[in-house]
Amino acid sequence: MNKLPQITLAFWVMKICATTLGETAGDLLSMTLDIGYAMSSLLLISVFLATLVTQLYSRRYHPLLYWLVILSTSTAGTTMSDFMDRTLGLGYATGSAILIGILLLTFALWRLSGNPLDVNRIRNRAGELFYWVAILFSNTLGTALGDYLADDSGLGFAGGALLIGAAIALVAAARYWTRISGVVLFWIAFVLTRPFGATLGDVLTKSHEKGGLDFGTVGSSMVLGGVLLVLVLMATYYQRREPQRVAEMS
């Protein structure tokens, strides 16, 4: 049972693209279309559950299905974070603290279940379920952190993106030049790519007066969706060629 992609540079590029799209698409529903954070959260959580059940019951890795679940966790995480921080009035700092606690609790329960946290060793449905719950809350946490950096820290959208980008670079360096656990570094990077996507999404969609490029949620979502689709199709193509390549070499 191996239904997860290999962790390569292409994986991280697609993750950042998917999380940035999740930010713009979530804002498109909740703000541009004026559906509201609560209704958008319910709608997107329903989409997440539908894609998750399909993923859990699939028998092998399907790139399109996998990245649909990632995208649904990203968009759901955007509206869930906004609902906590804005509708409930918790604020970005408090919302982030609560989400950190929930994520740490998820990891603790995952470890107590006897399933490894190493994403390369997930071989049963229980481990896969913990994996997706952790992804959902890491994306939600990332949204709150990104909004905090962009709005409350004084860094602005571009400054927040640069700071998170530098932190991601440090994690990548630590992977090769330190003895820090690869599992720990993976999940740190996974959380950090979400606020990077959130701040990058704000750079794309916000007005020039607010420090953005003013592409709008519709235009940004369409461009990011097209880029992600091309990357997913490429991943599907190479996955299908792999058995043929192995057969030719044997």
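The shown structure was predicted, so the numbers you read here are calculated from the model rather than taken from an experiment.

### With respect to the UniProt feature "transmembrane region" (unreviewed entry) in the protein
- Those places that UniProt annotates as "transmembrane region" (unreviewed entry) correspond, in this numbering, to residues 38-57, 64-84, 90-109, 129-149, 155-173, 180-198 and 218-238.
- Helix makes up 100% of residues 129-149 and strand makes up 0%, while its end C-alpha atoms are separated by 30 Å.
- For residues 218-238, helix accounts for 100% and strand for 0%, while the C-alpha atoms at its two ends are 30 Å apart.

### Examining the packing of helix α3 (residues 63-87) against helix α4 (residues 91-112)
- Taken N-terminus to C-terminus, the directions of α3 and α4 make an angle of 130°; their axes are 8 Å apart at the nearest point. Looking at the two axes, α3 sits oblique to α4. Handedness of the crossing formed by α3 with α4: right-handed. Facing α3, whose interface residues are Met 84, Asp 85 and Arg 86, α4 presents Gly 91, Tyr 92, Gly 95, Ile 98 and Leu 99.
- Counted by class, the contact of α3 with α4 contains four nonpolar, two polar and two charged residues.

### Side note on α4
- In a regular helix each residue adds 1.5 Å, so 22 residues correspond to 32 Å; α4 covers 32 Å between its end C-alpha atoms and thus fits that length.
- Of the residues making up α4, those classed as buried are Tyr 92, Gly 95, Ser 96, Leu 99, Leu 103, Thr 106, Phe 107 and Trp 110. Down the axis of α4, the buried side of the element spans an arc of 110°, and every buried residue falls inside it. Away from its buried face by more than 90 degrees, α4 exposes Leu 104 and Leu 112.
- In the segment just after α4, Gly 114 is the residue with positive phi, at about 90°.

### Regarding the pattern of salt bridges
- Counting across every chain of the model gives one salt bridge.
- Where Glu 128 meets Lys 3, a salt bridge forms, and the shortest distance between an N and an O atom there is 3.0 Å. Here Lys 3 lies in the segment before α1 (9-32) and Glu 128 lies in helix α5 (residues 125-152), a separation of 125 residues in the sequence. As far as the burial class goes, Glu 128 and Lys 3 line up, both buried.

Calculation notes
- Residues numbered from 1 in each chain as written.
- Predicted model: local features only at pLDDT ≥ 70, side-chain atom pairs only at ≥ 80, totals over all residues.
- Heavy atoms only, no water.
- UniProt positions renumbered as here; feature names shortened; annotations may be inferred.
- Helix = DSSP H or I, 4+ residues; strand = E, 2+ residues; numbered from the N terminus.
- Axes fitted to C-alpha atoms, helices over the stretch in contact; angles between N-to-C directions.
- Parallel < 35°, antiparallel > 145°, perpendicular 65-115°, else oblique.
- Left-handed = near helix turned anticlockwise from the far one by under 90°.
- Contact = heavy atoms within 4.5 Å.
- Nonpolar A, V, L, I, M, F, W, Y, C, P; charged D, E, K, R; others polar.
- Expected span 1.5 Å × (residues − 1).
- Buried < 20%, exposed > 50% of the residue type's maximum accessible area, 1.4 Å probe, protein only.
- Arc of directions from axis to C-beta.
- Salt bridge = Lys/Arg side-chain N within 4 Å of Asp/Glu carboxyl O.

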